[in-house]
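Chain and residue survey
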Amino acid sequence: VNSRTYLIKLAVPPERDASGATVDTGSWQKVNLLVESGARIHTTNFVRDKGNVPSGFTLKLRKHIRTRRLESVEQIGADRVLRISFSTAGQIAFHLILEFYAGGNIILTD
């Protein structure tokens, strides 16, 4: 959205029962995750305007997490730091670390 705010689009698969059969006959749901560096993270239904040319960091995020599965979201210790883990074939591939203080940071690690 801008240099401090990112919109991560997630796809949620239809619900399945214990046997693996689809319970919900609907299609995949879309969830928008808004991340503002140093300030907030939340889901939203509001579609925000995006810039004409994506930043280098945005392109790197797209490259590395576009086809990954969101595995976990956890707070690190008692700090204002959140780790979002993405996986490929059941193995953790990348972590997105969000710091929520002052200007904050968004860090992509493997």
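That block above? That's the structure.
How each quantity is defined
Residues numbered from 1 in each chain as written. Predicted model: local features only at pLDDT ≥ 70, side-chain atom pairs only at ≥ 80, totals over all residues. Heavy atoms only, no water. Pairing = 2+ DSSP bridges. Helix = DSSP H or I, 4+ residues; strand = E, 2+ residues; numbered from the N terminus. Phe/Tyr/Trp six-rings, centres within 6.5 Å; stacked < 30°, edge-to-face > 60°. Buried < 20%, exposed > 50% of the residue type's maximum accessible area, 1.4 Å probe, protein only.

1. Remarks on the pairing of strand β3 (residues 40-44)
Bridge analysis of strand β2 (residues 29-36) against β3 gives 5 bridges, and the strand direction is antiparallel. Bridge pairing in β3 places N32 opposite T44. The antiparallel hairpin formed by β2 and β3 contains 3 residues in its connecting segment, where G38 sits at a positive phi of about 80°.

2. Observations concerning the packing of aromatic side chains
Across all of its chains, the model carries 1 aromatic pair by this definition. Plain terms: the ring middles of Y6 and F57 are 5.6 Å apart, the flat faces sit at 75° to each other, and that makes the pair edge-to-face. Here F57 lies in helix α1 (residues 56-65) and Y6 lies in strand β1 (residues 5-12), a separation of 51 residues in the sequence. By relative accessible area, F57 is classed as partly exposed at 24%.

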